[in-house]
Amino acid sequence: MKKVLCIAAVLCSAIYVKAQHVVAASTIDKKVDALIAKMTLDEKIGQMTQLTLDEVLQTSGGAAVHPLQIDTVKLKEALLKYHVGSILNVSGGANTREVWYGLISKIQEFAAKDRLKIPVIYGIDAMHGQNYTVGATLFPQEIGMAATFNPELARREGEITAYETRASYIPWNFSPVLDLGKNALWPRIYETFGEDPYLVKTMGAAVIKGYQGDDISNKYKVASCLKHYLGYSFPLDGKDRTPAWIPDRYMREYFLPSFAEAVKSGAKSVMINSSEINGIPVHASKYLLTDILRGELKFTGIAVTDWQDIKYLHDRHHIAATQKDAVMIAINAGIDMSMVPYDYSFCQYLKELVNEGKVPMARINESVKRILKVKYELGLFEHPVGNPDDYPKFGSAEFEAVSLKAATESITLLKNTNNILPLKKDVKVLVTGPAANTMRSLDGGWSYTWQGDFSDKFAADKNTILKAIIQKIGKDNVDYQPGTTFTDAVDIDATITAAKKADVIVLCLGEPSYAENPGNINDLSLPAAQTQLANELAKTGKPIVLIMGEGRPRIITEAESKSAATIMAYLSGNEGGNALADILFGDANPSGRLPFTYPRYPNALVNYYRKNIENGNSDDAMGYNPLYEFGYGLSYTTFAYSNLHISKPTLSDGETLSISVDVKNTGSRAGKESVLLYISELYASVTPDTKRLRGFDKIELQPKESRTVTFKIAPTDISFINDLSKRVTEAGEFKIQIGNQTQSFNYLTNIAPSRTGKL
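As the structure is a prediction and not an experimental result, all values here were calculated from the model.

Here is what the cut-offs are and how they apply
- Residues numbered from 1 in each chain as written.
- Predicted model: local features only at pLDDT ≥ 70, side-chain atom pairs only at ≥ 80, totals over all residues.
- Heavy atoms only, no water.
- Helix = DSSP H or I, 4+ residues; strand = E, 2+ residues; numbered from the N terminus.
- Pairing = 2+ DSSP bridges.
- Axes fitted to C-alpha atoms, helices over the stretch in contact; angles between N-to-C directions.
- Contact = heavy atoms within 4.5 Å.
- Phe/Tyr/Trp six-rings, centres within 6.5 Å; stacked < 30°, edge-to-face > 60°.
- Buried < 20%, exposed > 50% of the residue type's maximum accessible area, 1.4 Å probe, protein only.
- Salt bridge = Lys/Arg side-chain N within 4 Å of Asp/Glu carboxyl O.
- Polar contact = N/O pair within 3.5 Å; in protein donor to acceptor, adjacent residues only side chain to side chain.
- Right-handed = clockwise from strand over helix to strand, strands pointing away.

S.K.: What is the right way to look at unusual backbone geometry in this model?
M.R.: Most peptide bonds take the trans form, and the phi angle of most residues other than glycine is negative. Of note, the amide linkage connecting Tyr229 to Leu230 takes the cis form, showing an omega dihedral of 5 degrees. By the element assignment, Leu230 lies in the loop between strand S7 (223–229) and helix H8 (248–255). For the bond running from Leu421 to Pro422, omega is 0 degrees, close enough to zero to count as cis. With respect to the secondary-structure elements, Pro422 resides in the loop between strand S13 (412–416) and strand S14 (429–432). Located in the positive-phi region is Asn643, a residue other than glycine, with phi close to 55 degrees. Note on placement: Asn643 falls in strand S19 (residues 639–646). If you check the backbone angles, Lys704 has positive phi at about 75 degrees while not being a glycine.

Shown next as structure tokens:
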């Protein structure tokens with residue numbers, strides 16, 4: 001009886017909370033409607049305008065004065081003349097909390113002087129922690145968080161990022177990136193959750209939950225912004241902001257699910273893809289911005305442009321003959337807010353367009369309502385600036401411990417010949433390579449500065465890989481030689497001499513930090529100097545532990561063939577050096593899994609779920625042959641899978657299939673295992689993928705401990721997009737794979753094969 005009463009109490013509580021949200025939403029809608037009724041056209045257009053911070057700062061010689069200070073004349077023009085509704089960005093590099101407080105306070109002070117006293121919504125790119133505030137907690141980049149296969153850890157990262165972003169008095173975070181990381185050449189791969197749609201949407205939804213919670217007016221929560229809707233991550237040439245060619249069916253199958261899931265999770269805003277798809281700039285696509293985003297996904301939040309992308313409709317894409325035409329096209333397509341970001345031309349053009357009847361007033365009111373609603377939901381009208389005393393945990397040891405855990409669970413052991421790892425703490429180690437003694441290869445771009453090029457300055461108190469190893473085993477056991485820069489040999493002879501005196505070589509290769517266009521490359525191969533260093537070190541006969549600190553899978557096939565052990569460190573954040581040292585010397589057990597397919601050759605860029613055509617091409621010597629497959633990762637213990645069981649041999653409409661498997665730690669130390677559920681349809685009207693991730697669960701087991709892991713699968717979970725761009729689940733046989741266990745079931749449907757369905 002007590003159990004029944006408890007369940008009833010929980011249900012009543014949930015209903016009450018939901019009812020309270022409905023009442024609050026209704027109240028906000030009334031407030032928004034009342035405010036819009038008072039607004040002039042100029043005031044409405046101002047709300048749709050977003051400027052960069054530099055436009056309202058004091059300058060000297062064309063550069064911002066440091067420490068940053070507001071230019072009140074410029075701010076008065078922005079807020080009192082043009083009624084600008086949003087400001088974004090950082091100027092130069094990360095600010096202290098005190099500087100942020102001064103900037104935001106002054107901005108909101110002037111906003112309160114405007115006729116209607118509408119607060120500004122400030123936005124920032126807090127991509128892996130609040131990376132633009134000095135002393136904040138920096139986590140692994142998204143690609144590393146994906147490698148944890150731990151949504152709870154992603155949610156916790158989101159919570160801490162939200163806390164520290166609000167502690168910087170900023171309520172709007174341009175994150176998470178929900179682009180699908182399919183093309184390894186693309187310079188923003190590290191900002192994604194990898195190449196698998198299910199992994200991306202699951203981890204993305206978890207981060208959004210952490211950012212927003214159940215109430216974004218909470219002083220520890222922020223509004224999220226989904227990036228970059230849609231198809232941005234699959235440029236044909238692999239270069240940032242270059243055209244993509246993606247059929248509608250393919251788009252819906254692979255690129256849309258993460259955004260659809262995020263909308264269901266309550267995301268408050270979305271940032272639009274800067275480039276074009278099939279010749280149509282996304283900022284000009286009513287089909288993508290209105291028909292799909294609003295009509296099909298039912299998104300009700302703010303659609304904001306990326307950096308001056310309305311201007312680019314004229315300057316870069318050449319689909320608008322004038323800048324004024326560009327504004328007309330974008331707003332009519334469905335854009336709500338223009339990241340202008342340097343002038344007031346958008347205000348002028350949009351006002352003229354409305355007066356000329358080329359942009360309907362209803363379209364303006366629609367956008368302004370969305371913007372004002374988010375401002376009310378954030379509580380900005382009541383508390384435009386936070387209280388500095390409300391954030392005692394900012395940069396705390398508690399938050400740092402979560403960052404260390406995330407880095408530890410992300411780092412992926414790919415090779416461990418003869419169990420050379422973990423190393424004993426009394427070995428003599430040579431640490432070498434360009435990634436060994438710089439925070440740039442741990443933090444990556446979007447770290448203190450846009451390019452992350454000053455991480456060694458801002459994170460000087462953090463441990464590089466070298467410093468962490470010295471701290472772990474003592475400076476007497478460690479020698480260091482750089483060997484090379486990221487592109488050139490420095491003194492390989494001195495490095496070889498040092499290697500001969502060592503027991504083990506820890507070779508740290510990879511990339512320096514970069515972001516967006518500056519990260520474009522023409523060749524995925526690791527620079528020749530780094531490969532040369534690996535080859536010369538191998539000649540010493542000393543075992544090499546290869547560590548890759550990189551934002552994308554550079555081709556390491558030759559260098560990797562010389563290693564005794566290989567570790568993928570990704571961009572593991574400020575605690576990445578400590579996490580690596582813990583793993584190298586056995587104080588932590590690696591549990592990361594690859595969130596992408598690691599290619600063996602520069603042009604062999606095939607994702608793991610490739611089309612199931614192998615039987616027809618069994619004689620193809622150039623077939624699928626990656627260096628390491630998606631989902632691969634080793635541990636210092638071993639796990640055995642057994643007793644794969646399904647609740648019944650068939651699945652029908654309206655039913656759920658239970659899939660269970662026993663997992664046992666058969667080794668001698670505790671370890672974490674990501675249990676990955678793959679399901680593939682054997683035959684379908686569209687060539688089926690070889691296999692697709694349909695579920696995962698991360699568990700921790702003590703030595704000899706066993707656990708049964710269970711997944712629930714409904715017909716929609718094994719659906720796909722057919723040739724009419726409709727989501728369907730077709731009758732047929734499906735193969736399940738978990739570890740080395742396989743099983744099959746049949747899906748039976750009573751739905752006529754009309755190929756209809758929903759997203």
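Here the narrative resumes.
S.K.: When you look at the sheet that holds S14 in this model, what are you seeing that I'm missing?
M.R.: Across a sheet, strands are paired by hydrogen bonds formed along the backbone, either parallel or antiparallel in direction. An order of S13-S18-S17-S16-S14-S15 is seen for the 6 strands of this open sheet, with the pairing classed as mixed. The strands lining the two open edges of the sheet, one partner per strand, are S13 and strand S15 (478–481). In this sheet, adjacent strand axes meet at a mean angle of 20 degrees when their direction is disregarded. As paired elements, strand S17 (residues 544–549) and strand S18 (residues 565–568) share 4 bridges and run parallel to each other. By the bridge assignment, Val545 is partnered in S18 with Ala565. Those strands touched by helix H20 (residues 528–538) are S14, strand S16 (504–510) and S17, and its axis lies near 170 degrees from that of S16. Taken strand by strand, helix H22 (residues 576–584) contacts S16, S17 and S18, and its axis lies near 155 degrees from that of S17.

S.K.: How should the packing of aromatic side chains be read in this particular structure?
M.R.: In this description, an aromatic ring pair is defined by two values, namely the gap between the centres and the angle between the planes. Following the criterion strictly, the structure yields 29 aromatic pairs and no others. Consider the rings of Trp172 and Phe174, whose centres lie 4.9 Å apart with planes at 70 degrees: the pair is edge-to-face. Judged by its relative accessible area of 1%, Trp172 is buried. Residue class for Phe174 comes out buried when judged on its relative accessible area of 0%. Residues Phe234 and Phe255 carry aromatic rings whose centres are separated by 5.6 Å and whose planes lie at 45 degrees to one another, so their mutual orientation is tilted. Of this pair, Phe234 sits in the loop between S7 and H8 while Phe255 sits in helix H8, and the two are 21 residues apart along the sequence. Phe234 gets classed as partly exposed once you look at its relative accessible area, which sits at 22%.

S.K.: When you look at the pattern of salt bridges in this model, what are you seeing that I'm missing?
M.R.: Two side chains with opposite charge may pair up if their charged atoms get near one another. The full count for this structure, using the stated rule, is 51 salt bridges. Measuring nitrogen to oxygen at the nearest pair gives 2.7 Å for the salt bridge that ties Lys324 to Glu356. Taken as a pair, Lys324 in helix H12 (residues 323–333) and Glu356 in the loop between helix H13 (345–355) and helix H14 (361–377) lie far apart in primary sequence, 32 residues in all. One network of salt bridges, with partners in common, ties together Glu152, Arg155, Arg156, Glu159, Lys393 and Glu398.

S.K.: Any chance you could explain the sheet that holds strand S22 (residues 671–681) here in plain terms?
M.R.: Ordered in space as S20-S28-S27-S22-S23, the 5 strands form an open sheet in which the pairing is mixed. The sheet is open, and its two edges are formed by strand S20 (650–652) and strand S23 (692–701), each paired on a single side. Averaged over all pairs of adjacent strands, the angle between their axes in this sheet comes to 25 degrees, without regard to strand direction.

S.K.: Mind showing me how you'd approach the environment of Tyr190 here?
M.R.: Mapping Tyr190 onto the fold places it in the loop between strand S6 (172–173) and helix H7 (197–212). Separated by 47 residues in sequence, Tyr190 and Ile143 place their C-alpha atoms 4.9 Å apart. Not counting chain neighbours up to four residues away, the residues in contact with Tyr190 comprise Gln141, Glu142, Ile143, Gly445, Trp446, Tyr514, Ala515, Gly551 and Leu571. In this structure the side chain of Tyr190 is engaged in a polar contact, spanning 2.5 Å, whose partner is the backbone oxygen of Tyr514.

S.K.: I'm lost on the pairing of S16 in this one. Help?
M.R.: The side chains of a regular strand alternate between the sheet's two faces. Counting buried positions along S16 gives 7 out of 7 residues, so the element sits mostly inside the fold. Here S16 shows a buried face lined by Val504, Val506, Cys508 and Gly510 and a second buried face lined by Ile505, Leu507 and Leu509. Both S14 and S16 contribute to a ladder of 4 bridges, which runs parallel. Paired with Val431 across the strands is Val506, a residue of S16. Looking at chain direction, S16 and S17 are connected through 6 bridges and run parallel. Each bridged residue has a counterpart across the sheet, and for Leu507 the counterpart in S17 is Leu546. Taken together, S16, H20 and S17 form a β-α-β motif whose crossover is right-handed.

Any functional reading would require information that these geometric values do not contain.
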